[in-house]
Amino acid sequence: MIEILGPGAREVDDLTASDLLASIRERRAAEDRAAADVLVLAARWADLHPPESIHDAAAFTVPGCEHEEPIAGEGAPLVAEFCLAELGTVLGISTTAAKKLVGHALELRHRLARLWAQVQAGRIPAWRARAVAEATIHSTPALTREAAAFVDAQVAAVAGRIGAAQLDRLVAETIKRYDLAGFDPAADPEDGYLHVDPRHVSIDTTEVHFAGTMRMEAELDLADALDVDRAVTHGAATQAALGSTESLAVRRAKALGDLARTQTALDLPTQRLVSDDGNQDDPDAQPTLPAAREVVLHAHFDAALAGLDTVFAPTGRMEEGQRLLLLDQVKDWSADSRTKVTVKPVIDLNADLSTPAYEVPDRIREQVILRDTTCVFPWCTRPARRCDVDHVTEYDHAADAEGRPQPGPTTTDNLAALCRFHHRLKTHTAWHYRMTEAGVFEWTSPHGHHYRRDRHGTTASNEAETPDPPDVPHPRPRPRPRRP
């Protein structure tokens, strides 16, 4: 049973309707207060890590060492980039999310002062102010301090109650007002803001629905939008005429996919069938057109032998989006027109593969990618296929020449997938990690926090070894041999 804490604590069942509403409001206020406090603390964390905090050794030309990074608009302080990783791990978020949090805090404190004050006074929730900061940080062209202050004044005047569309229009009007895009008022007799071209097509490839779908958003020219609508409507009607019993929404979605493939599903029956010897009447003849789909999806299914047949499990995993995938879905995709399917050799993830060389062969690289699935830094979600393969224990290029055992061999149990940022972080800072078993890693931060990372996610192992350690210097980077 949930117990309401505080003076006169009572169980939930003992609360009246009025008490429940009061408790809910109290906790929402506490949540807003905590979010405002996090912004203050994030800004203070940035204050403790200015560019001057980067170790003097970074002045040497060492590829990949730490640099200063602007994460908010003009007038906000720069930050030593590697400090964001430890903040993210303590919060249980990715380094990218931590960078966004600190950027918002600095943008609000230094460029959106009115909003900052209202957040700290409890008049505007932090999430509203952060949405404004996100817009002013990433405005194109960039907003000057004066332009950002104008946006700040307008939004603060309505206590942050501004929708996304209104905010976009306000930023566009600000760009015009401050002539940030070299705008010529005589060229636009209208009132406003359309000199900022809003057209775009965005596909969120990081979020894949369990049904195997992705979300797409587009802003098109009026004529283009009407043409697309007519084509999609026609495609959906054609599918229905050919016997499709799917809903209109599904048929429209499929019609849009057909547009991307130049409607190959409708063209296929009309293609001439020609065999290798040129006989058009050969029943084994194949369409002359090449495969139209060029999107590569990596689907992984467990397989077992049943006699001479290979039997696949009904569910698997799709690398793109790290989502569950049904075998029936793959069969449906493969049955569509001119889709090319490639089946790669099975790789045993438990096998210990190795090579005496420093360079990682493709087969070992693929094994590491399949085992780790993502970058193995705590809470990082970058797909392993876009990561470096790192030697957990550093490879010693001089060991063979000096007749010493290789401390960091190129072997499966000494390799891990790290995105380029976290690879640099591990190489040039006091962060370090070790592999405790295949695909399981234990990380230790410069301040002594411990994290366990495996293919299922990240868990914080325990509290810091020292609650408030002194300043932890960056290790002095040493030149490494260049790859041949």
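Analysis parameters
- Residues numbered from 1 in each chain as written.
- Predicted model: local features only at pLDDT ≥ 70, side-chain atom pairs only at ≥ 80, totals over all residues.
- Heavy atoms only, no water.
- Helix = DSSP H or I, 4+ residues; strand = E, 2+ residues; numbered from the N terminus.
- Contact = heavy atoms within 4.5 Å.
- Phe/Tyr/Trp six-rings, centres within 6.5 Å; stacked < 30°, edge-to-face > 60°.
- Buried < 20%, exposed > 50% of the residue type's maximum accessible area, 1.4 Å probe, protein only.
- Axes fitted to C-alpha atoms, helices over the stretch in contact; angles between N-to-C directions.
- Parallel < 35°, antiparallel > 145°, perpendicular 65-115°, else oblique.
- Nonpolar A, V, L, I, M, F, W, Y, C, P; charged D, E, K, R; others polar.
- Expected span 1.5 Å × (residues − 1).
- Arc of directions from axis to C-beta.

Caption draft 1: Highlighting the environment of Lys 100. Counting through the fold element by element, Lys 100 comes out in helix α3 (residues 95-110). Along the chain, Lys 100 and Arg 130 lie 30 residues apart, while their C-alpha atoms are 9.4 Å from each other. Once residues within four sequence positions are removed from consideration, Lys 100 is found in contact with Arg 130 and Glu 134.

Caption draft 2: Fine view of the packing of aromatic side chains. All chains considered together, the criterion is met by ten aromatic pairs. On the numbers, 4.9 Å between centres and 75° between planes, the contact of Phe 377 with Trp 443 is edge-to-face. With Phe 377 in the loop between α12 (362-372) and β15 (388-391) and Trp 443 in strand β19 (residues 440-444), this residue pair connects regions lying 66 residues apart in the sequence. Since its relative accessible area comes to 0%, Trp 443 is described here as buried.

Caption draft 3: Inspection of the packing of helix α2 (residues 83-91) against α3 at higher detail. Running from N to C, α2 and α3 cross one another at 105°; their axes reach a closest spacing of 8 Å. The pairing of α2 with α3 is recorded here as roughly perpendicular in orientation. Contacts between α2 and α3 involve Leu 84, Ala 85, Leu 87, Gly 88 and Leu 91 from the first element and Thr 95, Ala 98, Lys 99, Leu 101 and Val 102 from the second. A breakdown of the residues in the contact of α2 with α3 according to their chemical character gives seven nonpolar, two polar and one charged.

Caption draft 4: Quick look at helix α8 (residues 222-241). Between its first and last C-alpha atoms α8 spans 29 Å; for 20 residues at 1.5 Å apiece the expected length is 28 Å, and the two agree. Along α8, the residues classified as buried are Val 232, Gly 235, Ala 236, Thr 238 and Gln 239. The buried residues of α8 all sit within an arc of 160° when viewed along its axis, so they share a single face. Facing away from the buried side of α8 by more than 90 degrees, the exposed set consists of Leu 222, Arg 230, His 234 and Ala 241. Trailing α8 by a residue or two, Gly 243 shows a phi angle of about 110°, which is positive.

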